[in-house]
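Each chain, letter by letter, is given below.
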Amino acid sequence: MESSQGFSIPLEKIKDGRRAFYQYKDSSFSINNQPLNEAEAEQLKSAMLVLGRFKGLPQFEWVNELLPKLDQTFNLSKTDQEIISFDTNIYVMGVEYIAPLFSAIQNKQALNVTYQSFNSTEQQTFVFHPYHIKQYNNRWFVFGKNNAYNNLTNLALDRIKAIEHASYKYDKSVMVDFEVYFEDIIGVTKPADVLPIKIILKAASQLAPYIKTKPIHGSQKKIEETNTSFTFSIEVIPNYELHKMILSFGDGIQVIEPPTLREAIKEELAVTLKNYD
């Protein structure tokens, strides 16, 4: 326990006749706050070498981000300089539920979830069967089945108040292929019984390089490019996140088609403009 190969714990030895007792010299000590020891660092480096073999392969794009993040977090390359920064929000609420939710999904366990949505003034507790965890826009969501409904639903982790194991049998009756599930949407909201539609957008010329190098959606296709604009299409199911994404570009993007979406965005802009009257 005291060695560098173990946890390097500062211990105090207390003799009691032939017996000896050990206690922390610092009562606030925790191995969770200790840096990696040499053996752990070597094991992590070995794991990174194995993961490195998957770089560039389809469905393993996450490895490109994970490896440098592990390297910098645990200082495996022994450098004092911060080389890379990640777009994370350390203040976001609900991240403490990621580990127990992951475990529940892995072990197929139902949960009692206490939840309070933004639209409700009261908390509610229900049985939830978790299937999948997803991050979007620096927020975390868990998808699963609420016992009160017979359809797939998602919960924002920052609105969860408590979770505990439930005695119910795990129900995966509405589980889906999540790789396919997210293909037709931007974000996490998928309206029921709505099909993807073709949406034509026109971006200002100064915005075009950003749109081309970081496509809004995997279905993005170029239609026309001039000296003043870049017109392109995407095929998605309209949802809340799509509206907010379009509005986030301000005057850099305008909706050309369909007319229903164009009018909806115009109405939202009109409401926004009234806030500045």
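Residues numbered from 1 in each chain as written. Predicted model: local features only at pLDDT ≥ 70, side-chain atom pairs only at ≥ 80, totals over all residues. Heavy atoms only, no water.

A. Inspection of the overall build of the protein at higher detail. Counting its secondary structure elements, the protein contains 7 helices and 11 strands. Intrachain contacts of the protein at a sequence separation of at least 6 include 52% that bridge at least 24 residues. As displayed, the protein has an accessible area near 19,000 Å², and 51% of this comes from carbon and sulfur atoms. (Helix = DSSP H or I, 4+ residues; strand = E, 2+ residues; numbered from the N terminus. Contact = heavy atoms within 4.5 Å. Areas by Shrake-Rupley, 256 points an atom, 1.4 Å probe, with all protein chains shown as cover.)

B. Spatial organisation of the pattern of salt bridges. This structure, assessed with the given rule, holds 6 salt bridges. Glu225 serves as the salt-bridge partner of Lys212, at 2.9 Å between the closest nitrogen and oxygen. Taken together, the residues span a long stretch of sequence, with Lys212 in helix α5 (residues 208-213) and Glu225 in strand β9 (residues 221-225) at a distance of 13 residues. Among the residues examined, Lys212 registers a relative accessible area of 40% and is labelled partly exposed. For Glu263, the salt bridge is made with Lys266, and the minimal N-O distance between the two is 3.6 Å. Placement of the pair is Glu263 and Lys266 together in helix α7 (residues 259-274), with a separation of 3 residues, close to one helical turn. By relative accessible area, Lys266 is classed as partly exposed at 46%. Here the residues in one salt-bridge network are Lys212, Lys222 and Glu225, joined through shared partners. (Salt bridge = Lys/Arg side-chain N within 4 Å of Asp/Glu carboxyl O. Buried < 20%, exposed > 50% of the residue type's maximum accessible area, 1.4 Å probe, protein only.)

C. Highlighting the sheet that holds strand β8 (residues 197-204). Reading across from one edge, β9-β10-β8-β11 is the order of the 4 strands in this open sheet, with antiparallel pairing throughout. Whereas interior strands pair on both sides, the edge strands pair on one side only; in this sheet they are β9 and β11 (253-257). Pairs of neighbouring strands in the sheet enclose a mean axial angle of 30°, with direction left out of account. The sheet contact formed by β9 and strand β10 (residues 229-236) spans 4 bridges and is antiparallel. Bridge pairing in β10 links Lys221 to Ser233. In the packing of α7 onto the sheet, the strands contacted are β8 and β11, and the crossing angle to β11 comes to about 145°. (Pairing = 2+ DSSP bridges. Axes fitted to C-alpha atoms, helices over the stretch in contact; angles between N-to-C directions.)

D. Just the environment of Gln116, in detail. Take Gln116: it is sitting in the loop between β3 (111-115) and β4 (124-136). On the basis of relative accessibility, which here comes to 15%, the residue Gln116 falls in the buried class. In the structure, Gln116 is positioned 39 residues away from Leu155 in sequence and 9.7 Å away in space, judged by C-alpha atoms. Apart from the residues lying within four places of it in its own chain, the contact partners of Gln116 are Thr121, Glu122, Gln123, Arg159 and Lys161. Only 3.4 Å separates the side chain of Gln116 from the backbone oxygen of Thr121, close enough to count as a polar contact. (Polar contact = N/O pair within 3.5 Å; in protein donor to acceptor, adjacent residues only side chain to side chain.)

E. Expanded view of the packing of aromatic side chains. What the rule picks out here adds up to 10 aromatic pairs. Measuring from centroid to centroid gives 5.5 Å for Phe230 and Phe232, while their planes differ by 20°, and the two rings are stacked. Here the two residues Phe230 and Phe232 agree in accessibility, since each one is buried. One cation-aromatic arrangement involves Lys134 over Phe182; the distance from NZ or CZ to the ring centre is 4.5 Å. One residue, Lys190, lies across the ring of Tyr181, its end atom 4.5 Å from the ring centre. (Phe/Tyr/Trp six-rings, centres within 6.5 Å; stacked < 30°, edge-to-face > 60°. Lys NZ or Arg CZ within 6 Å of the ring centre and 35° of its normal.)

F. View of the side chain of His243. Residue position: His243 is located in helix α6 (residues 240-248). Among the residues examined, His243 registers a relative accessible area of 17% and is labelled buried. In contact with His243, other than residues within four places in its own chain, are Leu261, Ala264, Ile265 and Glu268.

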